[in-house]
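Spelled out from the first residue to the last, the chains are:
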Amino acid sequence: MMKQLLYKSTRGEGGVVDAAAAILQGIAPDGGLYVPAAIPAAAWPLEELAQLTYQELACRILSLYFTCFSREEIKEAVNKAYDAKFAVPEIAPLVTHNNIHFLELFHGPTLAFKDMALSILPHLLKLAAEKLGTGKEIVILTATSGDTGKAALEGFAGVAGTRIIVFFPQHGVSEVQKRQMITQTGDNTHVIGIEGNFDDAQSGVKAMFTDESLRRRLDSHGYLFSSANSINIGRLVPQIVYYYWAYLQLVRKGAIAAGEAVNMVVPTGNFGNILAAWYARSMGLPLARLICASNSNNVLFDFFTTGVYNRRRPFYVTISPSMDILVSSNLERLLYHAAGENSQLVRSWMEDLAQKGVYTLPPEVQNRLNAFAAGYASEEETKEAIRSLYAASGYLVDPHTAVGVFVLEKYRQESGDSLPAVVAATASPYKFPGAVLSALDPQFAGQDDFALFGELAKVTGIPVPPAAAGLEKRPVVHTTVCRREEMQQVVEDILGLAGR
Ligand SMILES: *Cc1c(COP(=O)(O)O)cnc(C)c1O
């Protein structure tokens with residue numbers, strides 16, 4: 001019998017809970033994020049893991065973290081998640097162009113890496129609800145910078161016993177992202193644009209999660225909030241799997257010997273994806289540097305180079321909108337581990353962040369972050385990365401992945417570090433046709449995204465994926481728009497909480 005792995009809050013209150021409770025709650029009642037009480041080691045030989053399918057590997061990793069579910073339960077969830085809704089049997093193929101390995105995480109139903117975790121989260125939540133016997137309807141409350149929203153809607157649409165409410169920045173997502181969300185079918189789905197940016201949406205959602213009186217009213221109406229954002233540990237753990245998968249594919253292809261170190265480059269916004277890489281590294285995967293790649297919203301670059309996190313700065317709307325974030329929630333988990341699990345320190349930094357917009361790490365904590373390197377790409381540099389990679393290799397990347405490519409090339413030049421490197425390819429170019437094509441040729445600037453699908457098919461040689469085809473013709477079913485201050489009212493209206 002395996003030892004139970006328990007979870008605790010980064011802010012230190014409320015004791016320990018099992019994985020089921022952590023997944024169901026999404027965020028801890030004290031406002032902190034759940035972290036494993038001890039990061040499990042993956043003791044299997046890499047040569048053995050290299051023989052597994054994606055699904056088999058996922059079962060192994062998930063079993064280490066979700067010890068309150070049986071092997072059979074995890075296997076069933078994994079098999080339901082990673083099936084033919086992914087366009088390729090490898091789920092996340094690794095391809096190599098121009099001396100860069102790309103881990104393609106965008107072959108799921110919504111064409112971005114969010115599908116990797118959000119295709120399994122509904123199954124994990126259902127298991128957790130059964131385990132805890134809540135008998136309540138689960139309300140998934142989600143803020144999105146563009147990609148989480150659609151992936152969560154896909155995952156939860158039509159799932160009995162759940163309802164999903166998504167808030168997205170009305171003017172801060174691509175045309176394709178927006179259209180994907182507002183055309184979502186399913187009686188249990190709600191999509192709302194907000195007059196604000198992702199940080200507004202995320203802080204509004206977090207405030208509702210920790211509002212005790214709202215929680216009580218929900219409870220009396222038979223509802224329970226949970227989260228599909230990467231603040232939910234049930235979303236983070238499935239992301240660990242593909243870092244192993246990337247490494248093992250390199251071994252399988254003979255690009256590296258088992259045990260050799262590689263660098264991992266992750267286009268970053270809310271710090272969830274790269275944190276999953278850090279967990280993989282902490283479990284024993286031979287990753288050398290984790291390279292955090294930002295766009296012009298380079299708060300994380302400044303943080304890693306100076307130890308000061310300062311969100312008081314201009315907010316830029318970029319061509320990589322899923323990374324337009326100034327408050328990266330998951331950094332709190334890294335800080336907790338780096339500070340020797342000192343939740344009092346974490347609480348003081350988070351209070352400073354909320355009140356003053358800035359906090360500073362003491363040097364001894366900053367020194368413990370040396371697994372990370374950081375860089376950022378301006379808009380022009382992002383476009384140039386798309387253009388030059390395509391010219392050199394014929395491989396076309398989306399703007400988020402391009403930020404990773406630029407940052408890797410700059411890192412290689414400046415550090416002389418020539419280890420093999422994997423860039424997490426986080427979205428399909430089909431999600432951002434205008435941005436991608438106009439990077440290649442300015443004549444495409446300003447054109448309608450949907451009109452460019454055909455052109456993109458010509459350039460990439462890859463047919464328009466079914467998830468994108470005909471998108472512009474689907475009927476719009478969600479038209480609500482609200483301000484940050486109105487978010488809670490909108491939720492209360494949807495759930496019929498008013499007046500009782
Ligand atoms: C969400 C997203 C990111 C950022 O991932 P985080 O986990 O928020 O750091 C990067 N690229 C794309 C395409 C995304 O959808």
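Described below are features of the structure shown in this document. (Residues numbered from 1 in each chain as written. Predicted model: local features only at pLDDT ≥ 70, side-chain atom pairs only at ≥ 80, totals over all residues. Heavy atoms only, no water.)

## What about the environment of Pro314?
Summarising the element assignment, Pro314 is placed in the loop between strand S12 (308-310) and helix H14 (331-338). In this structure the C-alpha to C-alpha distance between Pro314 and Asn297, which are 17 residues apart in sequence, comes to 8.0 Å. Look past the residues within four positions of Pro314 in its chain and what remains in contact with it is Asn297 and Leu326. (Helix = DSSP H or I, 4+ residues; strand = E, 2+ residues; numbered from the N terminus. Contact = heavy atoms within 4.5 Å.)

## Section: the sheet that holds strand S5 (residues 100-104)
With mixed pairing, the six strands of this open sheet are ordered in space as S4-S5-S15-S10-S11-S14. Each edge of the open sheet carries a strand with a single partner, namely strand S4 (94-97) and strand S14 (372-376). This sheet shows a mean twist of 25° between the axes of neighbouring strands, independent of strand direction. Where S4 lies against S5, four bridges are found, and the strand directions are antiparallel. Paired with Thr96 across the two strands is His101, which belongs to S5. Sheet contacts for helix H12 (residues 272-282): strand S10 (262-267), strand S11 (287-294), S14 and strand S15 (421-425); angle to S11, the most-contacted strand, approximately 175°. (Pairing = 2+ DSSP bridges. Axes fitted to C-alpha atoms, helices over the stretch in contact; angles between N-to-C directions.)

## Description of H14
Within H14, eight of the eight residues are buried, which leaves it mostly tucked inside the rest of the structure. Here H14 has its buried residues at Leu331, Glu332, Arg333, Leu334, Leu335, Tyr336, His337 and Ala338. (Buried < 20%, exposed > 50% of the residue type's maximum accessible area, 1.4 Å probe, protein only.)

## With respect to the pattern of salt bridges
This structure, assessed with the given rule, holds 22 salt bridges. As a salt-bridge pair, Asp302 and Arg313 come within 3.0 Å of each other at their nearest N and O atoms. Taken together, the residues span a long stretch of sequence, with Asp302 in helix H13 (residues 299-306) and Arg313 in the loop between S12 and H14 at a distance of 11 residues. Among the residues examined, Asp302 registers a relative accessible area of 25% and is labelled partly exposed. The shortest N-O distance in the salt bridge between Glu384 and Arg387 comes to 2.8 Å. (Salt bridge = Lys/Arg side-chain N within 4 Å of Asp/Glu carboxyl O.)

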